[in-house]
Amino acid sequence: MNPVLKMYTVREICDGFEYNELEGKGLYGLKGKLTIQPEYQRNYIYADGKRDVAVIESVLKKYPLGLIYFNKVGEDRYEVLDGQQRITSLGRYIKNKFDVKYSGKFKSFTGLDKEVQDRILDTELLVYVCEGTEEEIKEWFKTINIVGIPLNKQEELNAIYSGPFVSACKAEFSNTEHTDKQKWGSFVKGPANRQQFLATALEWVANSKTVSPDTASSKDPVEAYLSKHRRDDNIKEIKTYFETVINWVDNLFDEIHPEMCGLPWGDLYERYGKKSYDHTEVSAKVKQLLLDDYVQDRRGIFEYVLGGCKESRLLNIRLFDKSTQRRVYLRQTEEAKEKGESNCPLCALGSSSNAKRIYKFEEMDADHMTAWSKGGKTTEDNCQMLCKTHNQAKGNR
Ligand SMILES: [Zn+2]
């Protein structure tokens, strides 16, 4: 890629500037040849009376505005890769959308003297025009120091893989007015305007595809998926998959709990989506576990229930504290010594050489006599110390 450094005046860049108030987007400049806010860019976020004003003040004080990057997308057609917030601020000011304090007074653009207006319009902006493959643009994004609020991962991917597919995906998943937005928000971390729903939808569908060995490159599945579909304008697959997963969860549990938001539902759907569950039973189990004080990892409850309530490690059940373990150890050991048998009750039952062995505290682990899953509490009267071998054997049952 051969980036070319060019100089444009504010007058040139803002020639034909259009701004969409409804969407909060700067649209065009350079007589329509420049798309200021391509689909993949986030909306205009400088309209806060501070950052937009700061851009104009910088120009008035002849401070540099920093480098701007264009991507050449066709013959004499450009998109802003970086700098759209600054350009949109300039364009909006010239269109009298906000005022800036100048010589002690708040002034709109037309309220300024002709000489000052010209100073703004004749300000030169340094623009790197690049033209390249997705790999090259990607490298650029990693190298250039993006000013202001950095792009998040998905915003960056949208830029690298910009095209009809990303545009169509954004229209679906990044639409803050989408009718299903609230439902999605129960299971997926938002917000839409920073591409979180899109990021999740992509992750789910990309991970559900088995990658054939020859296409399995260093690319992560999401990038591979975007690269493959870049020129598609059909988003049926990703849309259908996302809806399928969301509807599956939504129908499976009869109540929405805050712990459900942001769980790897795509992955859970792949593993459990084909199983049939008793809707009432599953919902009741979840509710019971959410009320259980011994469950320390509440977000693990859903996977635990879907997996048939077997893997209690998912719940991070509260363990016996050290002082309880010590008290139980001392009592058990004293009794064992009197009887002349092992202080591990399970060893004592056997006939091996360990039947009379007295273990050190460090050689034993605490065990729930009545398993937690069968209602046993993490209290001293339900605690016994077992040798590590027996405790592990019991845990694996
Ligand atoms: Zn033992």
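As a starting point, this report considers the structure included with it. Source: prediction; values computed, not measured. (Residues numbered from 1 in each chain as written. Predicted model: local features only at pLDDT ≥ 70, side-chain atom pairs only at ≥ 80, totals over all residues. Heavy atoms only, no water.)

Another aspect to go through is the coordination of the zinc ion. For the zinc ion, every protein donor is listed as Cys344 (SG), Cys347 (SG), Cys387 (SG) and His390 (ND1), and the spread of their distances is 2.0 to 2.3 Å. Considering all four donor atoms around the zinc ion, angles at the metal cover 100 to 114° and the coordination shape is tetrahedral. Sequence spacing of the donor residues for the zinc ion, all on one chain, is C-x2-C-x39-C-x2-H. Each member of the pair, Cys344 as well as Cys347, carries the same accessibility label: buried. (Donors = N, O, S within 2.8 Å, 3.2 Å for Na, K, Ca; no water. Tetrahedral: all angles 85-135°; square planar, octahedral: opposite > 155°, others 65-115°. Buried < 20%, exposed > 50% of the residue type's maximum accessible area, 1.4 Å probe, protein only.)

All right, on to the side chain of His257 then. Tracing the sequence through the fold places His257 in the loop between α11 (236-252) and α12 (265-272). The buried category is assigned to His257, whose relative accessible area is 10%. Ignoring sequence-local partners within four residues, the contact set of His257 consists of Val286, Lys287, Leu290 and Phe302. (Helix = DSSP H or I, 4+ residues; strand = E, 2+ residues; numbered from the N terminus. Contact = heavy atoms within 4.5 Å.)

Summed over all chains, the structure comprises 20 salt bridges. With a closest N to O distance of 3.3 Å, Lys33 and Asp76 form a salt bridge. One end of the pair, Lys33, is in the loop between β3 (25-29) and β4 (34-35); the other, Asp76, is in the loop between β5 (68-74) and β6 (77-82), and 43 residues separate them in sequence. Between Arg357 and Glu363 there is a salt bridge, and its shortest N-O distance comes to 3.5 Å. What emerges from the salt-bridge pattern is a single network uniting Arg11, Lys114, Asp118 and Asp122. (Salt bridge = Lys/Arg side-chain N within 4 Å of Asp/Glu carboxyl O.)

What follows is about the side chain of Gln117. Mapped onto the secondary structure, Gln117 falls in helix α4 (residues 114-121). There is a polar contact of 3.1 Å between the side chain of Gln117 and the backbone oxygen of Phe109. (Polar contact = N/O pair within 3.5 Å; in protein donor to acceptor, adjacent residues only side chain to side chain.)

Here we come to a nonpolar patch on the surface. Judged by side-chain polarity, Leu5, Met7, Leu67 and Leu126 come together as a nonpolar surface patch covering roughly 330 Å² of accessible area. With respect to the element layout, Leu126 can be found in strand β9 (residues 124-130). Take Leu126: its relative accessible area is 36%, and that puts it in the partly exposed class. (Patch = residues over 30% accessible without salt bridge, like charges linked within 9 Å, V, L, I, M, F, W, Y side chains within 5 Å. Areas by Shrake-Rupley, 256 points an atom, 1.4 Å probe, with all protein chains shown as cover.)

On to helix α13 (residues 279-290). When the terminal C-alpha atoms of α13 are compared, their 17 Å separation across 12 residues agrees well with the 16 Å that a helix rising 1.5 Å per residue should span. Within α13, the full set of buried residues consists of Val282, Ser283, Val286, Leu289 and Leu290. All buried residues of α13 project into a common sector of 130° when viewed along the axis, lining one side. Residues of α13 that are exposed and point more than 90 degrees away from the buried face comprise Thr280 and Glu281. Looking at the buried residues of α13, the elements they touch are α11 and α14 (301-306). Between a side-chain oxygen at the N-terminus of α13 and the backbone nitrogen of Thr280 the separation is 3.0 Å; the capping residue is Asp278. (Expected span 1.5 Å × (residues − 1). Arc of directions from axis to C-beta.)

This part covers helix α9 (residues 196-208). If you check α9, its first and last C-alpha atoms are 18 Å apart, about what 13 residues at 1.5 Å a residue would give, namely 18 Å. Phe197, Leu198, Thr200, Ala201, Leu202, Trp204, Val205, Ala206 and Ser208 are the residues of α9 that are buried.

Right, let's talk about the sheet that holds β6 for a bit. Strand order in the open sheet formed by seven strands is β1-β9-β5-β6-β4-β3-β2, with mixed pairing between adjacent strands. Since the sheet does not close on itself, it has two edges, and those belong to β1 (4-9) and β2 (18-20), each with one partner. Of the pairings in the sheet, the one linking β4 to β6 comprises two bridges and is parallel in character. Paired with Thr35 across the strands is Glu79, a residue of β6. This element, helix α3 (residues 84-94), spans β2, β3, β4, β5, β6 and β9 of the sheet and lies at about 110° to β6. (Pairing = 2+ DSSP bridges. Axes fitted to C-alpha atoms, helices over the stretch in contact; angles between N-to-C directions.)

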